[in-house]
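# What the coordinates show
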Amino acid sequence: WNVWAISGGAPCNALPDYGTRILAIDPLPVRVGLAFIGNVGNHHDGAADCMVSRLWPGAERSPATLTTSDRARITALYRQDLTLMIEWNLAHNMSTVLVAPPVMQPGTYFNQVNANLVAAYDALGTQYGGVGCTHLVRDALTPGDLWRGSLTSGGTAYPLRYTDGTHLAAPFGTQMYAAALFQSLSG
C-alpha cells in the first residue's frame, strides 16, 4: 500500500504531481484508489486555490452556501479532474477505484455537494472499463445513506465524527474508514 493524502485537497491539488508521484512507486501499482470528499476552497491557498480560482475567480474562498449552479460546477470540475487521473491510470495499465465519500452531516458545507459527487463517481465508474466505484466506505460509516456521528455498542457511544459533522474522529471513525477503504481496494 502507498498512501498519498492531501489535507483539504481536491483532485486538482493532486493533478500537477499525479503521474510523477505514481511512477515513483516501486513496484508500479496495478490499482489506484481515488477518494475525495468534496473540498472546494478549503486548501487555504486563497485566490490561488485550484478550485476557487476556476469557480469564483478573484475570490479568497468559496461561498458558505452553494447554489444549485455552484454544486453543478463543482461536480463538473471534480469529474473533469478525476477523468484526467483515470485516463492517465488506464494509459499506464492501472485500474481505478473511485471511493464514494460518506454522507456528511445535514447543514454542513460538505453535505451540500455530497450527493452530486457520489452520482458523478458512480457515472465515471461505469463509463470506462478498468474503473469502478465503491460504496464500502460510505456504507460502513453511513449505512442506508444516513449520517451518523457515533456508533453505539453495549450502551456506549463511540464517536465516528468530530462535532463539525465532517471530519473523522480517531480511533473509531478513522479505523472504520481505513478498514472499508482497504477492503474496497483489495478486490
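See the structure printed just above.
Each chain has its residues counted from 1, running along the sequence as written. Thresholds applied to this predicted model are a pLDDT of at least 70 for local features of residues and 80 or more for the giving and counting of side-chain atom pairs; totals over whole chains, interfaces and linings are not thresholded and use all residues. Hydrogens and water molecules were not included; the side-chain quantities draw on all heavy atoms of the structure.

## Focus: the overall build of the protein chain
Where helices and strands are cited, they refer to DSSP runs of H or I of at least four residues and of E of at least two residues respectively, numbered from the N terminus. Secondary structure summary: the protein chain contains seven helices and five strands in total. In the protein chain, the succession of α and β elements from N to C terminus is α-α-β-α-α-β-α-β-α-β-β-α. This radius of gyration counts C-alpha atoms alone. The globule rule is 2.2 Å times how many residues there are, raised to the power 0.38. In terms of overall size, the protein chain behaves like a compact globule, its C-alpha atoms giving a radius of gyration of 17 Å where 187 residues would be expected to give roughly 16 Å. The principal-axis extent of the C-alpha atoms belonging to the protein chain is close to 50 × 40 × 25 Å. The classification of residues rests on relative accessible area computed with a 1.4 Å probe and restricted to protein chains. Under 20% of the type maximum is buried, over 50% is exposed, and intermediate values are partly exposed. Within the protein chain, buried positions represent 44% of all 187 residues. Across the protein chain, every contact between residues at least 6 apart in sequence was considered, and the portion connecting residues at least 24 apart equals 62%. In short, Shrake-Rupley with a 1.4 Å probe defines the accessible areas, and a residue's cover is counted only from the protein chains shown. For the protein chain, the accessible area works out to roughly 9,200 Å², and carbon and sulfur atoms hold 57% of it. Throughout, a residue-residue contact means that at least one pair of heavy atoms, one from each residue, lies within 4.5 Å.

## Description of the nonpolar core
Across soluble globular proteins, nonpolar side chains show a tendency to be buried alongside one another. Counting residues in hydrophobic clusters, the biggest one holds 33 residues, and the most contacted among them are Leu34, Val40, Met51, Ile74, Tyr78, Leu82 and Leu98. Elements with a contribution of two residues or more to this core: α1 (11–14), α2 (18–23), β1 (31–34), α4 (68–91) and α5 (111–127). For this core, the element with the highest residue contribution is α4, accounting for seven residues. We define a nonpolar core as any set of buried Ala, Val, Leu, Ile, Met, Phe, Trp, Tyr and Cys residues linked to one another through side-chain atoms lying within 4.5 Å. Within the second largest apolar cluster, nine residues are counted, among which are Leu141, Leu160, Tyr177 and Ala180.

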